[in-house]
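Chains, contacts and geometry: an overview
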Amino acid sequence: MDNRTTVTILGTSGAIPEVGGDSPTFLINDRYLVDTGWSVISNLRGRGIDPLQLEYVFFTHFHHDHYMSLPSLLYYFLMKGKPLQELKIVGPAEDLMLIVTRAMSFLHAERYFDAANVPTLIPLVPGDSYENGDFRIGTCPTIHPVQGLCYRFEDKQTSKVFSFTGDTAYYPPIGEHVKGSDLLIHEAALGPIAANPDDNAYMHAGAIDAARIAEAAGVGKLLLIHAYASRTEASVAAAKQVFRGEVEWPRDGQMYVL
Ligand SMILES: [Zn+2]
Ligand SMILES: [Zn+2]
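Residues numbered from 1 in each chain as written. Chains lettered and ligands numbered in written order. Predicted model: local features only at pLDDT ≥ 70, side-chain atom pairs only at ≥ 80, totals over all residues. Heavy atoms only, no water.

Description of helix H3 (residues 70-80)
Applicable threshold: Categorising residues by exposure relies on relative accessible area from a 1.4 Å probe, with only protein chains included: less than 20% of the type maximum marks a residue as buried, more than 50% marks it as exposed, and the intermediate range marks it as partly exposed. Labels follow the DSSP assignment, with helices taken as runs of H or I lasting at least four residues and strands as runs of E lasting at least two, numbered in each case from the N terminus. Throughout, a contact is declared for two residues whenever any of their heavy atoms are within 4.5 Å.
Along H3, the positions that sit buried rather than exposed are Leu-70, Pro-71, Leu-73, Leu-74, Tyr-76, Phe-77 and Leu-78. In the core, the buried residues of H3 are packed alongside strand E3 (32-34), helix H1 (40-46), strand E4 (56-58), helix H2 (64-67), strand E5 (88-92) and helix H4 (96-106). Just past H3, the residue Gly-81 takes up positive phi, approximately 75°.

Quick notes on the pattern of salt bridges
To keep it simple, the criterion reads: Only one rule defines a salt bridge in this text: a Lys or Arg side-chain nitrogen within 4 Å of an Asp or Glu carboxyl oxygen.
A complete count under the given rule lists twelve salt bridges for this structure. Taking the shortest distance from any N to any O, the salt bridge between Arg-152 and Glu-154 comes out at 4.0 Å. For Glu-154, a relative accessible area of 22% puts it in the partly exposed group. Here Glu-248 and Lys-221 are joined by a salt bridge, their closest N and O atoms 3.2 Å apart. Placement of Glu-248 in strand E13 (residues 246-248) and of Lys-221 in strand E12 (residues 221-225) is noted, with a sequence separation of 27 residues between them. According to the relative accessible area criterion, Lys-221 is buried, its value standing at 17%. A cluster of three or more residues bridged by salt bridges with shared partners is formed by Glu-131, Arg-136, Arg-152, Glu-154 and Lys-156.

Some points on the sheet that holds E12
Our working definition: Should DSSP find at least two bridges between two strands, the strands are regarded as paired. Structural elements are reduced to axes, namely lines fitted to C-alpha atoms, with helices fitted over the stretch in contact, and the angle between N-to-C directions of any two is expressed from 0 to 180 degrees.
Pairing is mixed in the open sheet, where seven strands are placed in the order E7-E8-E9-E10-E11-E12-E13. The open sheet has two free edges, formed respectively by strand E7 (129-131) and E13, since each of these has just one partner strand. Direction aside, neighbouring strands of the sheet carry axes that sit 15° apart on average. Sheet topology places strand E10 (residues 161-164) next to strand E11 (residues 183-187); three bridges connect them, and they run parallel. Bridging from a neighbouring strand, Phe-164 pairs with Ile-185 of E11. Across the sheet, helix H8 (residues 232-240) is in contact with E12 and E13; its angle to E13 comes to roughly 165°.

Thoughts on the coordination of the zinc ion (ligand 2)
This is how the line gets drawn: Here a donor is an N, O or S atom found within 2.8 Å of the metal, or within 3.2 Å if the metal is Na, K or Ca; sites may look incomplete because water is not among the atoms. Here the metal geometry follows the donor angles, with tetrahedral for four donors whose angles all fall between 85 and 135 degrees, square planar for four and octahedral for six when opposite donors are more than 155 degrees apart and every other angle is between 65 and 115, and irregular for all the rest.
Around the zinc ion (ligand 2), the donor atoms from the protein are Asp-65 (OD), His-66 (NE2), Asp-167 (OD) and His-226 (NE2), and they sit 2.1 to 2.5 Å away. Because the angles between the four donor atoms bound to the zinc ion (ligand 2) fall within 89 to 165°, the donor set is best described as irregular. One chain supplies every donor to the zinc ion (ligand 2), and in sequence these donors are spaced D-H-x100-D-x58-H. A separation of 3.5 Å is found between the zinc ion (ligand 2) and the zinc ion (ligand 1), which share Asp-167 as a coordinating residue. Highlighted residues: Asp-65 in helix H2 and Asp-167 in the loop between E10 and helix H6 (173-177), separated in sequence by 102 residues.

Here we look at the layout of surface pockets
A probe as big as a water molecule, rolled over the atoms, marks out the empty space that is left. We apply this condition: A cavity here means a set of points on a 1 Å grid, drawn over the protein atoms and nothing else, where a 1.4 Å probe fits but cannot get out; a pocket is an open set with protein on both sides within 12 Å along at least five of seven lines, and a residue lines either one if it has an atom within 4 Å of a point. Grid points are joined across faces, edges and corners, and a volume is the space filled by probe spheres set on the points. Any residue outside Ala, Val, Leu, Ile, Met, Phe, Trp, Tyr, Cys, Pro, Asp, Glu, Lys and Arg is labelled polar, Gly included; the first ten of those are nonpolar and the last four are charged.
Of the pockets and cavities examined, the largest pocket occupies roughly 250 Å³. If you trace the largest pocket, you find 15 residues lining it, with Ala-15, Ala-189, Tyr-202, His-204 and His-226 closest to the centre. Across the lining of the largest pocket, the residue classes break down as seven nonpolar, five polar and three charged. The calculated volume of the second largest pocket comes to roughly 170 Å³. Taken together, the residues of the lining of the second largest pocket sort by class into six nonpolar, four polar and four charged.

Focus: the coordination of the zinc ion (ligand 1)
Geometrically, a metal with four donors at the corners of a regular tetrahedron has ideal angles of 109.5 degrees, and one with six donors at the corners of a regular octahedron has ideal angles of 90 or 180 degrees. Listed as protein donors to the zinc ion (ligand 1) are His-61 (NE2), His-63 (ND1), His-144 (NE2) and Asp-167 (OD); their distances from the metal cover 2.2 to 2.3 Å. Around the zinc ion (ligand 1), the four donor atoms are arranged such that angles at the metal cover 88 to 168°; this shape is classified as irregular. Overall, the relative accessible area of 4% leaves Asp-167 in the buried class.

Here we look at the UniProt feature "domain: Metallo-beta-lactamase" (unreviewed entry) in the chain
To keep things clear, this is the line we draw: UniProt positions are given in the numbering used here, feature names are shortened, and annotations may be inferred rather than shown by experiment.
The positions UniProt marks with the feature "domain: Metallo-beta-lactamase" (unreviewed entry) are residues 22-204. Annotated as residues 22-204, this span is 23% helix and 25% strand, and its ends, taken at the C-alpha atoms, are 18 Å apart.

What to know about unusual backbone geometry
Positive phi is not limited to glycine here, since Asp-30 has a value of about 60°. Tracing the chain through its elements places Asp-30 in the loop between strand E2 (25-28) and E3. According to the relative accessible area criterion, Asp-30 is partly exposed, its value standing at 29%. A positive phi angle, near 55°, is found at Met-203, a position not held by glycine.

Details of the packing of aromatic side chains
Short version of the rule: Pairing of aromatic side chains here covers Phe, Tyr and the six-membered ring of Trp, requires ring centres within 6.5 Å, and sorts the geometry by plane angle: under 30 degrees stacked, over 60 edge-to-face, intermediate tilted. Counting as a charge over the ring demands two things of the Lys NZ or Arg CZ atom: a distance within 6 Å of the ring centre and an angle within 35 degrees of the ring normal.
For the structure on display, the rule yields 17 aromatic pairs. Summarising the aromatic geometry, the rings of Phe-26 and Phe-164 are spaced 5.3 Å apart at their centres and angled 80° between planes, so their arrangement reads as edge-to-face. With Phe-26 in strand E2 and Phe-164 in strand E10, the pair connects residues that are 138 residues apart, well separated along the chain. We classify Phe-164 as buried; its relative accessible area is 1%. Connected via pairs of aromatic rings, a cluster forms that spans Phe-26, Tyr-32, Tyr-56, Phe-58, Tyr-130, Phe-135, Tyr-151, Phe-153, Phe-162 and Phe-164. Over the face of the ring belonging to Tyr-56 we find Lys-88, whose NZ or CZ atom lies 5.2 Å from the ring centre.

Written as structure tokens, this is what we have:
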């Protein structure tokens, strides 16, 4: 087995992706998908990754740009005859069951497929942890209009730590939760600024907010995501004024080896 922790970026765009892009989606060790974006099947296959090798999908929260293509993924498993029970779906307890049940009923799964063929659900509330043979996974809350999970993955084989916030306004306790991460992905949907806490109805972060979290947590590298191409360069420059480590806006398809 390959003794490395890898993170492959599948999408970094704002809520509506540009042509050829996708909203925030990435892959850990080629077997753990984080959020599904708008077009996960073509995205994975276009990069030579067989969707059937996925063992887990982790959802940060249930806003459309983060789960839109879940039905495509489930349908792909059904059409290829791979039991859905082998796909574990982890996400915020508040909405996980509802979203997956609706995706299955949208597919008319009970009409065309074995009604007992459903994915395995692992609902988590912020603060919960989860462990399997590969990772120790911790979560903490985010500040967003729906329940969200900020995840911290510690690879048991490599001891490397990879964390990602999902969508969130600036929230200092996240810095404590992701402390010492080798790689942190923090959203920066508001561009090269710090969010105004009195005028942040959609509860997102700016690059300066992300950089404050990265600096407080002493992470190795900070990746900014979740905005349109016009904002990426200025966002990286703004974050570098606050965070002394490496900052990048990743390219789609870019793989990070921890
Ligand atoms: Zn959101
Ligand atoms: Zn979003």
